[in-house]
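Take a look at the letters that make up each chain.
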Amino acid sequence: MKTIAIAGTFDSKGAEFLYVKSVIESLGLHTFTIHCGVFEPMFKPDVSHIEVGKAANADIQEIAARKDRSAGTEVLARGMEKIVPKLYAEGKFDGILSFGGTGGTSIVTAGMRKLPIGVPKLMVSTVASGNTEPYVGTSDIIMFPSIVDVSGLNSFSTKIFTNAAHAMAGMVQFESAPPQDKKPLIAATMFGVTTPCVNYAREYLEEQGYEVLVFHATGTGGKTMEALIEGGFIDGVLDLTTTEWCDELVGGVLAAGPHRLEAAGRCKVPQVVSTGALDMVNFGPYESVPEAFKGRNLYKHNPSVTLMRTTLAENQKLGEILADKLNQAQGKTALMLPLKGVSMLDVEGQPFYGAEEDAVLFATLKQNINRQKVELIEMDTDINNQVFAVAAAKKLIELMK
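Computed from a prediction, not measured in an experiment: that's the story for all the values here.

Draft legend 1. Expanded view of the overall build of the chain. Counting its secondary structure elements, the chain contains 14 helices and 14 strands. When the backbone C-alpha atoms are referred to their principal axes, the chain occupies close to 70 × 50 × 40 Å. Here the chain, with 401 residues, has 52% of them falling under the buried criterion. For the chain, contacts bridging at least 24 residues in sequence account for 71% of all contacts bridging at least 6. When the accessible surface of the chain is split by element, carbon and sulfur atoms take 51% of a total near 17,500 Å².

Draft legend 2. Quick peek at the packing of helix 8 (residues 195-207) against helix 14 (residues 386-400). Running from N to C, helix 8 and helix 14 cross one another at 45 degrees; their axes reach a closest spacing of 8 Å. Judged by the angle between their axes, helix 8 and helix 14 are oblique. Crossing handedness for the pair helix 8 and helix 14: right-handed. Counted together, Cys197, Tyr200, Ala201, Tyr204 and Leu205 of helix 8 and Gln386, Phe388, Ala389, Val390, Ala393, Lys394 and Ile397 of helix 14 form the full contact between these two elements. Broken down by class, the residue content of the contact of helix 8 with helix 14 amounts to 10 nonpolar, 1 polar and 1 charged.

Draft legend 3. Here's a closer look at helix 14. Given a rise of 1.5 Å per residue, 15 residues ought to cover 21 Å, and the 21 Å separating the end C-alpha atoms of helix 14 matches this to within 8%. Taken together, the buried positions of helix 14 are occupied by Phe388, Ala389, Val390, Ala392, Ala393, Lys395, Leu396, Ile397 and Leu399. Elements in contact with the buried residues of helix 14: strand 6 (185-190), helix 8, strand 8 (236-239), strand 9 (271-273), strand 13 (333-338) and strand 14 (374-379). In this structure Asn385 caps helix 14, since a side-chain oxygen of it lies 2.8 Å from the backbone nitrogen of Val387.

Draft legend 4. Focus on unusual backbone geometry. Residues other than glycine seldom take positive phi values, yet Ile147 does so here, at roughly 65 degrees. Within the secondary structure layout, Ile147 lies in the loop between strand 5 (142-145) and helix 7 (155-173). Its relative accessible area of 63% is what places Ile147 among the exposed residues.

Draft legend 5. How the structure looks around the side chain of Ser274. Mapping Ser274 onto the fold places it in the loop between strand 9 and strand 10 (280-283). The exposure class assigned to Ser274 is buried, which follows from its relative accessible area of 0%. Here the side chain of Ser274 touches Met336 through a polar contact of 2.7 Å, landing on its backbone oxygen. If near-sequence neighbours (up to four positions away) are discounted, Ser274 is found in contact with Asp239, Leu240, Thr242, Leu322, Leu335, Met336, Pro338, Ile383 and Phe388.

Draft legend 6. Layout of helix 12 (residues 312-327). Compared with the 22 Å implied by 1.5 Å per residue over 16 residues, the 23 Å span of helix 12 between its first and last C-alpha is a close match. Listed in full, the buried residues belonging to helix 12 are Glu314, Asn315, Leu318, Gly319, Ile321, Leu322, Ala323, Lys325, Leu326 and Asn327. Packing partners of the buried residues in helix 12 comprise helix 10 (244-250), strand 9, strand 12 (305-309), strand 13, helix 13 (355-368) and strand 14.

Draft legend 7. Quick peek at the sheet that holds strand 1 (residues 3-8). Read from one edge to the other, the open sheet built from 5 strands follows the order 2-1-3-4-5, with strand pairing classed as parallel. If you trace the sheet from one side to the other, it starts and ends with strand 2 (30-35) and strand 5, each paired once. Across the sheet, the mean angle separating the axes of adjacent strands is 20 degrees when strand polarity is ignored. Two strands pair when backbone bridges link them, and strand 1 and strand 3 (residues 95-100) are joined in this way by 4 bridges, in the parallel orientation. By the bridge assignment, Ile4 is partnered in strand 3 with Gly95.

Draft legend 8. Spotlight on the pairing of strand 12. Among the 5 residues of strand 12, 4 are classified as buried, and the element is accordingly described as predominantly covered. Direction of pairing for strand 10 relative to strand 12: antiparallel, over a ladder of 4 bridges. Its bridge partner being in strand 12, Phe283 is matched across the sheet by Thr306. For strand 11 (residues 298-302) and strand 12, the ladder comprises 4 bridges, and the chain directions are antiparallel. Within strand 12, the position partnered with Tyr299 by the bridge is Leu307.

Draft legend 9. Representation of the nonpolar core within the structure. Ile34, Met80, Phe93 and Ile96 are the most contacted members of the largest nonpolar core, which has 33 residues in total. Every element with two or more residues in this core is listed here: strand 1, strand 2, helix 3 (60-65), helix 4 (69-89), helix 5 (102-112) and helix 6 (133-136). Ranked by residue count, the leading element in this core is helix 4, at 7 residues. Those residues in contact with Met80 that lie beyond four places of it in its chain are Ala7, Ile34, Cys36, Val52, Pro85, Ile107, Val108 and Gly111. Counting residues in hydrophobic clusters, the runner-up holds 25 residues, among them Trp245, Val273, Leu361 and Ile369.

Draft legend 10. Here's a closer look at the environment of Gly152. Looking at the element boundaries, Gly152 is found in the loop between strand 5 and helix 7. Considered as a pair, Gly152 and Val360 are 208 residues apart in the sequence and their alpha carbons are 62 Å apart. Residue contacts for Gly152: discarding those within four places in its chain leaves Glu16, Ser157 and Phe161.

Draft legend 11. Looking closely at the state of the cysteines. Tallied over the entire structure, the rule returns 0 disulfides. Cysteine Cys246 shares no disulfide, and the gap to the nearest cysteine sulfur, in Cys197, comes to 16 Å. According to the relative accessible area criterion, Cys246 is buried, its value standing at 0%.

What counts, and at which threshold
Along each chain, residues carry numbers from 1 onward, in the same order as the chain's sequence is written. Side-chain atom pairs in this predicted model are given and counted only at pLDDT of 80 or more, local residue features only at pLDDT of at least 70, and totals for whole chains, interfaces and linings cover all residues. Hydrogens are left out, water is left out, and the side-chain values use all remaining heavy atoms of the structure. The way it works is that DSSP assigns letters per residue, a run of H or I at least four long becomes a helix, a run of E at least two long becomes a strand, and they are numbered from the N terminus. When accessible area is computed with a 1.4 Å probe and restricted to protein chains, residues below 20% of their type maximum are described as buried, those above 50% as exposed, and intermediate ones as partly exposed. Pairs of residues are marked as contacts when any of their non-hydrogen atoms sit within 4.5 Å. Surface accessibility in these figures is a Shrake-Rupley result with a 1.4 Å probe; residues are shielded only by whichever protein chains are displayed. Note on geometry: axes are C-alpha line fits, over the in-contact stretch for helices, and angles between N-to-C directions span 0 to 180 degrees. The cut-offs work like this: below 35 degrees is roughly parallel, past 145 is roughly antiparallel, 65 to 115 is roughly perpendicular, and the gaps in between are oblique. Two helices cross in a left-handed way if the nearer one is turned anticlockwise from the farther one by less than a right angle. They cross in a right-handed way if the turn is clockwise. Residues are grouped as follows: nonpolar covers Ala, Val, Leu, Ile, Met, Phe, Trp, Tyr, Cys and Pro; charged covers Asp, Glu, Lys and Arg; every other residue, Gly included, is treated as polar. Here, expected helix span is obtained from the residue count minus one, scaled by 1.5 Å. Nitrogen and oxygen atoms within 3.5 Å of one another constitute a polar contact, given that in protein one can donate a hydrogen and the other can accept it, and given that sequence-neighbouring residues count only through two side-chain atoms. At least two bridges found by DSSP between two strands is the condition for calling them paired. Residue types Ala, Val, Leu, Ile, Met, Phe, Trp, Tyr and Cys, when buried and joined through side-chain atoms within 4.5 Å, form a set referred to as a nonpolar core. Two cysteine sulfur atoms form a disulfide, by the criterion used here, when they sit within 2.5 Å.

Now the structure itself:
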């Protein structure tokens, strides 16, 4: 029989959690309760807030005595990061469910994010329709809008709570069967303007017996890929679209953080890297572009996305950054340069065509990479040429073997 962990602030929302507990148990499932509120719970849990606090090397009772909810929330979030994956590894539960406002959401999702991809994790939250990135991160947490505050049992809240409990019950009871033949797993990065390249490469790799996970280079995509590499899931990396570094450098909306392009090198995972979409920085609708950039080469990709061409100086800096990241690699690494364009928009006749900008980018990379660590391959094509894409796929296979 499957077990669902119910985690939350049983001090302030005890009645609500007891209701959810009864719904899950009425479906014939076990429950496992984790109290992560600052104060004493309204019912006895399987795991107390004292135990959660100890996991963070803190005395939550002492913090509660000071009535310092802010410090308590921080400690409990750190404790959940430690204790939730430990309890899962011990077989205490098969999926985890929670309900809360900003505080409860912050505390429980800290633990949820530390669970493996694929473990059912559902957070019913008052902030589920806003910016969920701080809560979800690179995990597969499901954020479920609570509609009304998680405060009391009424005709709206009980319906939402019941739906969430049924959703979790379905996830833990109907699991996908593991694949019979596990193929080597390759991570690839793609953007709309590098789609043909990655599709050609993916098709070739799949024909050769590899499984390819494609990550959309939108900030979250790059972070997720890096996290999966760190987690040991990935056997090879086809990082052809490194555009997230443009947003990190210039201040666009799709940055993946300062550690993008590090995981494969650090974990000794073979990687083939290219300069896909380094010609553009991403913003939202045209009117959202910062005033300082209004005189730049802007392109309305669609009503929600405005692209900005990178400059000569920015391309020099991008070349320096990529070279520095690749030089840190401890595993097999190849850098492939498409000399006739780094995206669909960076070819002759298109809005971002920039022979000078590309020349600076390529020259900086060639000048700064450590040829003892990084194999350099130059091809007289644009990035979306099938010849370039297949060559990149073949090179990765060679490095992996």
